[in-house]
Amino acid sequence: MSATAGDLFIVSSPSGAGKTTLIRRILDDPGLGPTLHFSVSHTTRAPRGSEVHGREYYFVTPEEFRELEERDGFLESAEVHGHRYGTSRAEVEERLARGIDVLLDIDVQGARQVRSRIPDVVKIFVFPPSRPVLEERLRARAQDAPDVIARRLSAAAREMGEFGEYDYAIINDSLESAVDELRSILVARRARARRRRERLEAILRTFPA
Ligand code: ADP
Ligand code: 5GP
């Protein structure tokens, strides 16, 4: 990837830990949101509550999903909680090449596939403060049936056991602290010397030889 390419970020967590909430806060941040692209995934699961096709997900049939897969249209894809999910290449590759940062909300299987293709990816894991709090958040969200909640809770410990593969861990207890930490990670990445090379060289050119 060239020195001016955008950065790719992955945010993963067990369901209900708060990654959607954190990502929304970052996208609404006037200092970060406008220069960050949230990659909208494809999924075969049904829309929840207020979810809108093309905003939270592209809701597709299993056949449509397979077609895209056969055309090598996915950067990664996985089965999560009984449904197919995938990140289309169209959401990511051309934007990174244009220097735009891209944020993926994907699970640990997908994160592993992305890192094998794009080793520079920054992986962030969001932990809930405890099992009872995670359960309470899933119930309070009130968008999933009890059997779906039970399935997601039973997967949580296994998913969280993969934290060692991640670069950063955010414990989402106080929402404000968690948002600050996520913002700090994104901002620090943008401040890398390599990323700023063109601007740094332009400043250097203002100095007499
Ligand atoms: P995920 O995207 O990880 O499945 P959500 O962002 O949907 O999780 O959050 C699950 C529920 O927990 C939502 O109802 C959300 O408002 C709530 N929530 C998220 N973060 C916090 C927090 N720090 N404190 C209290 N409630 C939270
Ligand atoms: P939900 O159905 O609650 O929106 O998401 C369930 C899980 O699927 C979450 O762990 C979420 O990160 C993951 N997920 C969402 N989109 C993708 C995707 O494109 N690829 C992969 N691998 N996981 C995804």
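Above this text you will find the structure in question.
From a predicted model like this one, the values you see are computed outputs, not experimental measurements. (Residues numbered from 1 in each chain as written. Chains lettered and ligands numbered in written order. Predicted model: local features only at pLDDT ≥ 70, side-chain atom pairs only at ≥ 80, totals over all residues. Heavy atoms only, no water.)

**Q** Whenever I open this one, the overall build of the protein chain confuses me. Can you help?
**A** Scanning the protein chain for helices and strands turns up eight helices and nine strands. In summary, the protein chain has a C-alpha radius of gyration of 18 Å against a globular reference of 17 Å for 209 residues, a match within 12%. Taken across its 209 residues, the protein chain has 45% of its residues classed as buried. Carbon and sulfur atoms make up 53% of the accessible area of the protein chain, which amounts to about 11,200 Å² in all. For the protein chain, the distance from the average site of its 33 positive side-chain charges to the average site of its 34 negative ones is 3 Å. (Helix = DSSP H or I, 4+ residues; strand = E, 2+ residues; numbered from the N terminus. Rg over C-alpha atoms; globule rule 2.2 N^0.38 Å. Buried < 20%, exposed > 50% of the residue type's maximum accessible area, 1.4 Å probe, protein only. Areas by Shrake-Rupley, 256 points an atom, 1.4 Å probe, with all protein chains shown as cover. Lys, Arg positive; Asp, Glu negative; His and termini not counted. Charge placed at Lys NZ, Arg CZ, Asp CG, Glu CD.)

**Q** I keep staring at the site of ligand 1 and nothing clicks. Help me out?
**A** Around ligand 1 lies a shell of 14 residues, among which G16, T20, T21, R141 and N172 are the nearest. Contact distances for ligand 1 include 2.5 Å between an oxygen atom and a side-chain N or O atom of T21. Within the contact set of ligand 1, a nitrogen atom lies 3.4 Å away from a backbone nitrogen or oxygen of L175. Here ligand 1 loses 76% of its free accessible area of 570 Å² to cover by the protein chains. Every element with two or more residues in the shell around ligand 1 is listed here: α1 (19-28) and α5 (131-141). Partitioned by chemical class, the residues of the shell around ligand 1 number three nonpolar, seven polar and four charged. (Near = heavy atom within 4 Å. Polar contact = N/O pair within 3.5 Å; in protein donor to acceptor, adjacent residues only side chain to side chain. Nonpolar A, V, L, I, M, F, W, Y, C, P; charged D, E, K, R; others polar.)

**Q** How should I be thinking about the sheet that holds strand β6 (residues 83-88) in this particular structure?
**A** To summarise the sheet geometry, strands pair through backbone hydrogen bonds and adopt either a parallel or an antiparallel arrangement. Here four strands make up an open sheet; going across it, the order is β4-β3-β6-β5 and the pairing mixed. Here the strands that pair on one side only, and so sit at the sheet edges, are β4 (57-59) and β5 (74-80). Sheet twist, expressed as the average angle between the axes of neighbouring strands with direction ignored, equals 25 degrees. Packed on one face of the sheet, helix α3 (residues 89-97) meets β4, β5 and β6 and runs near 25 degrees to β6. (Pairing = 2+ DSSP bridges. Axes fitted to C-alpha atoms, helices over the stretch in contact; angles between N-to-C directions. Contact = heavy atoms within 4.5 Å.)

**Q** I keep staring at the side chain of S88 and nothing clicks. Help me out?
**A** Summarising the element assignment, S88 is placed in strand β6. Classification of S88 as buried rests on a relative accessible area of 6%. Ignoring sequence-local partners within four residues, the contact set of S88 consists of H42, G73, F74 and L75.

**Q** I'm lost on the environment of H53 in this one. Help?
**A** As for its placement among the helices and strands, H53 is situated in the loop between β3 (41-43) and β4. One polar contact links the side chain of H53 to the main-chain amide nitrogen of F59, over a distance of 3.0 Å.

**Q** Explain the sheet that holds strand β7 (residues 101-105) to me, please; I cannot follow it from the model alone.
**A** With parallel pairing, five strands are arranged side by side in an open sheet as β2-β7-β1-β8-β9. Strands with a single pairing partner mark the edges of an open sheet, and in this sheet they are β2 (36-38) and β9 (168-171). Here the average twist between neighbouring strands, direction ignored, is 25 degrees. With four bridges connecting them, strand β8 (residues 122-127) and β9 associate as parallel partners.

**Q** So what exactly am I meant to see when it comes to the nonpolar core here?
**A** Nonpolar side chains in soluble globular proteins generally cluster together in the buried interior. In terms of nonpolar packing, the biggest core is built from 41 residues, with L8, L104, V114 and I124 touching the most fellow members. Once you skip the residues sitting within four places of it in the chain, L104 turns out to touch L8, F9, I10, V11, S39, T87, V92 and V114. (Core = buried A, V, L, I, M, F, W, Y, C linked by side-chain atoms within 4.5 Å.)

**Q** Sorry, what's going on with helix α7 (residues 175-190) here?
**A** In an α-helix, one full turn covers 3.6 residues, which means residues spaced three or four apart are oriented alike. Taking 1.5 Å as the rise per residue, α7 with 16 residues should run 22 Å; its terminal C-alpha atoms sit 23 Å apart, in good agreement. All buried positions along α7 are accounted for by A178, V179, L182, I185, L186, R189 and R190. One side of α7 holds all its buried residues, which, seen down the axis, span an arc of 140 degrees. Contacts made by the buried residues of α7 are with β1 (8-12), α1, β2, β7, β8 and β9. (Expected span 1.5 Å × (residues − 1). Arc of directions from axis to C-beta.)

**Q** Help me understand the environment of G6, please; the structure alone is not making it clear to me.
**A** Position of G6 relative to the elements: it lies in the segment before β1. Sequence separation of G6 and T43 is 37 residues, and the distance between their C-alpha atoms is 25 Å.

**Q** In this structure, what is going on with the packing of aromatic side chains? I would like to understand it.
**A** The way to describe two aromatic rings as a pair is by their centre distance and the angle between their planes. Tallying each qualifying case throughout the model produces six aromatic pairs. Three or more aromatic residues link up through ring pairs in this structure, and these residues are F125, F127, F163 and Y166. Stacked on the ring of Y166, the Lys or Arg K123 has its end atom at 5.0 Å from the ring centre. (Phe/Tyr/Trp six-rings, centres within 6.5 Å; stacked < 30°, edge-to-face > 60°. Lys NZ or Arg CZ within 6 Å of the ring centre and 35° of its normal.)

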